[in-house]
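# Observations on chain architecture
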Amino acid sequence: MSAQPRLQAQPNVDLAKVKTYLANAVTQDLEANPVSIDQRSAAVEESLQRAYQQTRLNLPESLRIQVFHDVKDDLLGYGPIQPLLDDDEITEVMVNGANRVYIERKGKLIKTNVTFANDAHVMKIIERIVLPLGRRIDQDSPTVDARLPNGSRVNAVIPPVAIDGPSITIRKFSRTRLTIDQLVSLKSLTPAMAEFLRACVISRMNIIISGGTGSGKTTLLNVLSSFIPEEDRIVTIEDAAELQLDQEHVVRLETKSANLDNKGSVVVRDLVKNSLRMRPDRIVVGECRGGEALDMLQAMNTGHDGSLTTLHANSPRDGLARLETMTLMAGVELPLKVIREQIASAVDLIVQQSRMRDGSRKITAITEVAGMEGDTIVLTDIFKFDQVSITADDKVVGEHKPTGIRPLFTPHLEAAGFRLSPEIFGASVADILSQNRRRR
């Protein structure tokens, strides 16, 4: 290890300088003696011990451990935010410049006391995230979508677009994937709704999950995708891969940003078009944002049943309007009525996912796309969430209820082997007995 200037012990130690000294010493040591990725953690620990001894400091043991931990987070992890990423209760980490770091815990946004040294420190963490993925972020391309090795989704924005300094938003990847039973226990939906959605996925209904930012669309997409039969060939398409499918026959596709010459980009629309040549049984698009919506609709209308995707909208009707807008973004001159006919023919079901005032996530509507009446797409609610009140501690009180209407595609479900009980759709025992008497 090359010689380092020694820090003298003093009554009031500047811990920031100590950490900087140790980090620089370890970095120089690793540059002089490169090690493999597998050996890096042990090499950092050993080098850190040597560098600390050279400082001749005698910090209290608890403080020394904390200093070592912070330095290792900076060298091996993602700096000051690494402890937040390690906390399983935190679902989102938001860095709004060097001195403002927020988290989401149990659906609530909380400001933390975590800070970076400066904007350059934030930039170093952003580069550490994107460089291994071959992604680019600079003044000419100041935004990037990426993912951490554990699958967590990352968005970074830097100046000149980010006026107050570099920004990082990390949607954390849950180590334990939620199941439909867990969503039921969390009261995101009822057992009847879960049974209905399972039948729809297996029966190859085309389903769109609609919802706002942070409402749980991707989580629900993961859960619904788990119902796809093992024998189906699945192609997933995402900006940053985060879907976790357990099926064996899965091909995962991810977008690619442009190179330094502003060439070579591969967008979602390119991948949707390419997926049609891959003999998919199911196409799962992480999110429709633009012209790929037209290609998705055409795929749904040409034999690729059972496709799944998400989009940003606050209601099923708003979801249709957004789908129309995105289809127009494809640059194809189509009359609005033709676009609506394409949507009505392609989409079977819209599942509305919402983040409630108390931070909980719920399915607030399961709505059938029931065809066209004139120039209007007909929507029929099959299940709805009725909010009754808000408690004193801000908890949402409400109930999921069937509307009593069976979907028009019920015969399709029955042909696939699903004879769902009338009670699932809200029919009472008296109604069922009355129907039986009329049949006699």
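The coordinates are above.
Every value quoted in this text rests on a predicted model; they were computed, and no experiment measured them.

## A look at the nonpolar core
F196, I207, L349 and I366 are the most contacted members of the largest nonpolar core, which has 36 residues in total. At the level of elements, α6 (180-185), α7 (191-202), β7 (207-211), α8 (217-225), β12 (349-355), β13 (361-373) and β14 (376-390) are the ones that each hand at least two residues to this core. Each residue touching F196, except ones within four places of it in the same chain, is listed here: L349, I366, I382, F383, P407, F409, L413, L420 and F425. Judged by nonpolar contacts, the second largest core, of 29 residues, contains I208, L271, L297 and I343.

## A word on the pairing of strand β8 (residues 234-238)
Counting buried positions over the 5 residues of β8 gives 5, a clear majority of the element. Note that β8 and strand β10 (residues 282-285) share 4 bridges and pair parallel. Residue V235 lies in a different strand from β10, and its bridge partner there is I283. Where β8 lies against strand β9 (residues 250-254), 5 bridges are found, and the strand directions are parallel. Pairing of I237 across the sheet is with L253, part of β9.

## Describing helix α11 (residues 316-328)
In a regular helix each residue adds 1.5 Å, so 13 residues correspond to 18 Å; α11 covers 19 Å between its end C-alpha atoms and thus fits that length. Those residues of α11 not exposed but buried are P316, G319, L320, L323, E324, M326 and T327. Angularly, the buried residues of α11 cover 165° about the axis, an arc narrow enough to put them on a single face.

## Comments concerning unusual backbone geometry
Residues P159 and P160 are joined by a peptide bond in cis, for which omega reads 10°. Tracing the backbone shows P160 in the loop between β5 (153-157) and β6 (167-171). We note that R56 has phi near 60°; this positive angle belongs to a residue other than glycine. Position of R56 relative to the elements: it lies in the loop between α2 (37-55) and α3 (61-76).

## Re the sheet that holds strand β15 (residues 396-402)
With mixed pairing, 9 strands are arranged side by side in an open sheet as β9-β8-β10-β11-β7-β12-β13-β14-β15. In the strand order of this sheet, the two ends are held by β9 and β15, each with one partner. For this sheet, the mean inter-axis angle between neighbouring strands, taken without regard to orientation, is 25°. Note that β7 and strand β11 (residues 308-312) share 5 bridges and pair parallel. Looking at β11, one finds that I209 is bridged to T310.

## Some thoughts on the packing of aromatic side chains
According to the stated counting rule, one finds 5 aromatic pairs in the structure shown. Ring centres of F196 and F383 lie 5.7 Å apart, and the angle between their planes is 55°; on these two criteria the pair is classed as tilted. Of the two residues, F196 sits in helix α7 while F383 sits in strand β14, which places them 187 residues apart along the sequence. Judged by relative accessible area, which is 2%, F383 ranks as buried. For the pair F383 and F425, a centre-to-centre distance of 6.4 Å together with 35° between the ring planes defines the contact as tilted. Of this pair, F383 sits in strand β14 while F425 sits in the loop between α13 (410-415) and α14 (429-439), and the two are 42 residues apart along the sequence. For the residue pair F383 and F425, the accessibility class agrees, reading buried in each case.

## Points about empty space enclosed by the protein
Evaluated as defined, the whole model comprises 1 cavity of 30 Å³ or more. Counted as a void, the largest cavity has a volume near 30 Å³. Lining the largest cavity, in full, are R406, T410, L413, E414, F418, R419, L420 and F425. A per-class count over the lining of the largest cavity returns 4 nonpolar, 1 polar and 3 charged.

## Digging into the packing of α3 against helix α5 (residues 119-130)
The N-to-C vectors of α3 and α5 enclose an angle of 50°; their axes lie 10 Å apart at closest approach. With respect to each other, α3 and α5 are oriented oblique. Where α3 approaches α5, its residues D73, D74, L75 and L76 are matched on the opposing element by H121, K124, I125 and R128. Of the residues in the contact of α3 with α5, the class split is 3 nonpolar, 1 polar and 4 charged.

## Considerations on the layout of surface pockets
If you add up the space inside the second largest pocket, you get close to 530 Å³. Lining of the second largest pocket is provided by 19 residues; of these, K19, D74, P80, A117 and H121 occupy positions nearest its centre. Of all elements in the fold, only α1 (15-32), α3 and α5 reach the threshold of two or more residues within the lining of the second largest pocket. In terms of residue count, the dominant contributor to the lining of the second largest pocket is α1 (6 residues). Taken together, the residues of the lining of the second largest pocket sort by class into 8 nonpolar, 6 polar and 5 charged.

Calculation rules
Residues numbered from 1 in each chain as written. Predicted model: local features only at pLDDT ≥ 70, side-chain atom pairs only at ≥ 80, totals over all residues. Heavy atoms only, no water. Core = buried A, V, L, I, M, F, W, Y, C linked by side-chain atoms within 4.5 Å. Buried < 20%, exposed > 50% of the residue type's maximum accessible area, 1.4 Å probe, protein only. Helix = DSSP H or I, 4+ residues; strand = E, 2+ residues; numbered from the N terminus. Contact = heavy atoms within 4.5 Å. Pairing = 2+ DSSP bridges. Expected span 1.5 Å × (residues − 1). Arc of directions from axis to C-beta. Axes fitted to C-alpha atoms, helices over the stretch in contact; angles between N-to-C directions. Phe/Tyr/Trp six-rings, centres within 6.5 Å; stacked < 30°, edge-to-face > 60°. 1 Å grid on protein atoms, 1.4 Å probe; cavity = no way out; pocket = protein on both sides within 12 Å on 5 of 7 lines; lining within 4 Å. Points joined across faces, edges and corners; volume = space filled by probe spheres on them. Nonpolar A, V, L, I, M, F, W, Y, C, P; charged D, E, K, R; others polar. Parallel < 35°, antiparallel > 145°, perpendicular 65-115°, else oblique.

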